[in-house]
Amino acid sequence: MTEEKELFACGHRACAGCSEPIAVRMILEEAGPNTIGTICTGCLEVVSTGWPETAWEIPLIHAAFENSASVASGVEVALRQLGRDDTHVIAFAGDGGTFDIGLQALSGMLERGHKILYVCLDNEAYMNTGIQRCSSTPLGTSTTTSPAGTYSIGEDRQKKPIGAICAAHCIPYTATATIAYPQDLKKKVRKALAVNGPSFLHVLVPCPTGWRFSSEETVELARLAVETGIFVLWELEGGNLQNIKVTKKPKTWRPVEDYLKQQGRYKHLFKPKKRQDVIEKIQQDVDQKLIELGITKET
Amino acid sequence: MKITIGAINDKPGSSKNYKTGSWRTLKPVINLEKCKKCWLCKQLCPEGCITKKEEGPQINYDYCKGCGICAHECTFDAIIMELEER
Ligand SMILES: Cc1ncc(C[n+]2csc(CCOP(=O)(O)OP(=O)(O)O)c2C)c(N)n1
Ligand code: SF4
Ligand code: SF4
Ligand SMILES: [Mg+2]
């Protein structure tokens, strides 16, 4: 039996059960070896490129924390000058490197129209430096810089709508994906790499260490995020949010509680006293988002 | 240690020098009789240490960290986690 070569090798140092390497393996499986990557600081870079080793089997440039998109832009322009139009350029970054510090570089990359797939691996906090909150951290989440306590529900801000912000640049393709739906994710990578311009893929990557769950539950949590509507899988061509196409609709939508209660980062919503008010607020926000996406829940 | 010009690493895939299998406390064991060769475990393993073989999936224990995802996700309960003994 012949097997395609793994482009992300064994021996990397991601925590057991981390979903970042799962996502990267799926993306590279689709992109193939004729790909150049850029990566900024964050767990993915730290676990895969400890000198003198690397887990990558494609050329990869390590950029600073804020500029995976800028470095990718330079690589893309150089490749086009050389007439190498068949080489894919993929910029990898975490949510910190995308939602917060890399937003300006990303916006420039999208606006200039480079033919690059930008992948944001979103584990909803700055994990590599010790679980600090980010503008990607959802309401009610306990992190080391938004700790839950007597007077705090944890993070008190909403998650930034990064997909909508990117799509507002009127780029050809924007999508969300997660590791529990490999076919959906890979199809979106294929579509993104086929467009003639920038594409943005927002991938939810559950983190056992920062979300505080047991390592075997990684894929289950990604699935629960979709089945509860916490993370909706969609794609969009162009900048009109009215045209968003939802790519996965569960047969029955589960209550957000099913997702929250399985994670230590939401433990304070259940113990010592159940915070029904916060759970209801999270549920209402999800319901409102689904209505905006034109989804009606069956009862 | 010699640092190359521009700190260019010219050894792709060299992370394989480091055997992460020593991290494992639980060990996945595949029951090939139950396995239907859907290859879901291979797709979902974070280590990429499951390979396709004629008789079914094969785990490379040099790298398996024992996360348990393969066993947890297998639709046919063909993988169980056993206590690792060394
Ligand atoms: C300019 C700059 N500020 C801060 C840091 C420290 N730093 C390195 S990785 C990191 C967090 C990365 O978070 P994220 O992008 O979400 O990736 P994750 O580790 O969660 O995958 C921080 C704050 C840095 N390397 N450079
Ligand atoms: S802290 Fe989270 S994202 Fe970082 S390597 Fe560990 S599991 Fe992966
Ligand atoms: S236990 Fe985890 S690391 Fe080991 S083979 Fe299964 S999925 Fe891969
Ligand atoms: Mg992060």
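This text follows the structure it describes.
The paragraphs below set out a description of the structure included in this document. Just so it is clear, the structure is predicted and the values come from calculations on it, not from any experiment.

Attention now moves to the sheet that holds strand β2 (residues 60-62) of chain A. Residues and elements named next belong to chain A. Ordered by their spatial adjacency, eight strands build an open sheet running β2-β1-β3-β4-β8-β7-β9-β10, and the pairing between neighbours is mixed. Strands with a single pairing partner mark the edges of an open sheet, and in this sheet they are β2 and β10 (245-246). Where strand β1 (residues 35-39) meets strand β3 (residues 88-94), five bridges bridge the pair, whose relative direction is parallel. From the neighbouring strand, T38 faces β3, where its bridge partner is A91. Taken strand by strand, helix α3 (residues 68-81) contacts β1, β2, β3 and β4 (117-122), and its axis lies near 175° from that of β3.

The full count for this structure, using the stated rule, is 25 salt bridges over all chains. Residue A:D285 pairs with A:K281 through a salt bridge whose shortest N-O separation is 2.9 Å. Residue A:D285 and its partner A:K281 are located together in helix α11 (residues 276-292), separated by four residues, close to a single helical turn. Among the residues examined, A:K281 registers a relative accessible area of 34% and is labelled partly exposed. A salt bridge links B:K65 to B:E47, with the shortest nitrogen-to-oxygen separation between them at 3.0 Å. Note that B:K65 is positioned in the loop between β3 (56-59) and α2 (69-73) and B:E47 in the loop between α1 (40-44) and β2 (50-53), a separation of 18 residues in sequence. As far as the burial class goes, B:K65 and B:E47 line up, both buried. Among the ionic contacts, a cluster of salt bridges with common partners joins A:D122, A:E124, A:K159 and A:R265.

Remark: a regular strand shows side chains that alternate across the two faces of the sheet. Residue and element names in this part refer to chain A. The buried fraction of strand β8 (residues 199-204) amounts to six of the six residues, a majority that puts the element mostly inside the structure. For β4 and β8, the ladder comprises six bridges, and the chain directions are parallel. Within β8, the residue paired with V119 across the bridge is L201. One ladder, built from six bridges, connects strand β7 (residues 173-178) with β8; its direction is parallel.

Where interface size is quoted, it is often the accessible area lost as the parts come together. Contact residues are listed per partner, giving 35 residues for chain A and 37 residues for chain B. Between chain A and chain B lies a buried interface of about 3000 Å² when both sides are counted; carbon and sulfur atoms form 54% of it. For the pair chain A and chain B, the number of links is three salt bridges. Note that B:K42 and A:E6 form a salt bridge whose closest N and O atoms lie 3.7 Å from each other. Taken together, the links from chain A to chain B amount to 23 residue pairs in polar contact (both at pLDDT 80 or more). Going through the elements one at a time, α1 (20-31), α7 (182-194) and α9 (218-227) of chain A are the ones with two or more residues in the side of chain A that touches chain B. The element that contributes the greatest number of residues to the side of chain A that touches chain B is α1(A), accounting for five residues.

With that settled, consider the environment of A:H169. Residue and element names in this part refer to chain A. Note on placement: H169 falls in the loop between α6 (162-167) and β7. The class of H169 is partly exposed, set by a relative accessible area of 26%. Sequence spacing of H169 and L82 is 87 residues, and the spatial spacing of their C-alpha atoms is 27 Å. Residues contacting H169, with those up to four places away along its chain left out, are S107, L110 and E111.

Right, let's get into the nonpolar core. Residue and element names in this part refer to chain A. Within the largest apolar cluster, 70 residues are counted, with the highest numbers of intra-cluster contacts made by W56 and F92. When residues of this core are assigned to their parent elements, the largest contribution, seven residues, is made by α1. Dropping the residues within four chain positions of it, F92 is found in contact with V24, I27, L28, T38, I39, C40, L44, W56, S68 and V119. Membership of the second largest hydrophobic core comes to 23 residues, among which are I36, A69, A72 and L110.

Let's shift gears to helix α5 (residues 103-112) of chain A. Residues and elements named next belong to chain A. Among all positions in α5, only A105, L106, G108, M109 and L110 are buried. Lining the buried residues of α5 we find α3, α4 (96-100), β4, α6 and β8. In the segment just after α5, G113 is the residue with positive phi, at about 80°.

All names here are of chain A. Every one of the 17 residues lining ligand 1 counts as a neighbour, but E20, C43, D95, G96 and M127 are closest to it. A distance of 3.0 Å is found between an oxygen atom of ligand 1 and a backbone nitrogen or oxygen belonging to G97. Burial of ligand 1 by the protein amounts to 74% of the accessible area it has alone, namely 590 Å². Class assignment for the residues of the shell around ligand 1 results in six nonpolar, eight polar and three charged.

The geometry of two aromatic rings is summed up by the distance between their centres and the angle between their planes. Residues and elements named next belong to chain A. Applying the stated criterion across every chain yields a total of six aromatic pairs over all chains. Centroid distance F65 to Y126: 6.1 Å. Interplanar angle 70°. Geometry classified as edge-to-face. Residue F65 is located in the loop between β2 and α3, and its partner Y126 is located in the loop between β4 and β5 (148-149); the two are separated by 61 residues in the primary sequence. Aromatic pair W211 and Y259: ring centres 6.5 Å apart, planes at 80°, arrangement edge-to-face. Here W211, found in helix α8 (residues 208-211), pairs with Y259, found in helix α10 (residues 256-260); they are 48 residues apart in sequence, far enough to count as distant. Both residues of the pair, W211 and Y259, count as buried. Here the aromatic residues F8, W56 and F92 are joined through ring pairs into a cluster of three or more. Between R265 and the ring centre of W211, over which it is positioned, the NZ or CZ distance is 3.7 Å.

Calculation notes
- Residues numbered from 1 in each chain as written.
- Chains lettered and ligands numbered in written order.
- Predicted model: local features only at pLDDT ≥ 70, side-chain atom pairs only at ≥ 80, totals over all residues.
- Heavy atoms only, no water.
- Pairing = 2+ DSSP bridges.
- Helix = DSSP H or I, 4+ residues; strand = E, 2+ residues; numbered from the N terminus.
- Contact = heavy atoms within 4.5 Å.
- Axes fitted to C-alpha atoms, helices over the stretch in contact; angles between N-to-C directions.
- Salt bridge = Lys/Arg side-chain N within 4 Å of Asp/Glu carboxyl O.
- Buried < 20%, exposed > 50% of the residue type's maximum accessible area, 1.4 Å probe, protein only.
- Buried area = accessible area lost by both parts, 1.4 Å probe.
- Polar contact = N/O pair within 3.5 Å; in protein donor to acceptor, adjacent residues only side chain to side chain.
- Core = buried A, V, L, I, M, F, W, Y, C linked by side-chain atoms within 4.5 Å.
- Near = heavy atom within 4 Å.
- Areas by Shrake-Rupley, 256 points an atom, 1.4 Å probe, with all protein chains shown as cover.
- Nonpolar A, V, L, I, M, F, W, Y, C, P; charged D, E, K, R; others polar.
- Phe/Tyr/Trp six-rings, centres within 6.5 Å; stacked < 30°, edge-to-face > 60°.
- Lys NZ or Arg CZ within 6 Å of the ring centre and 35° of its normal.

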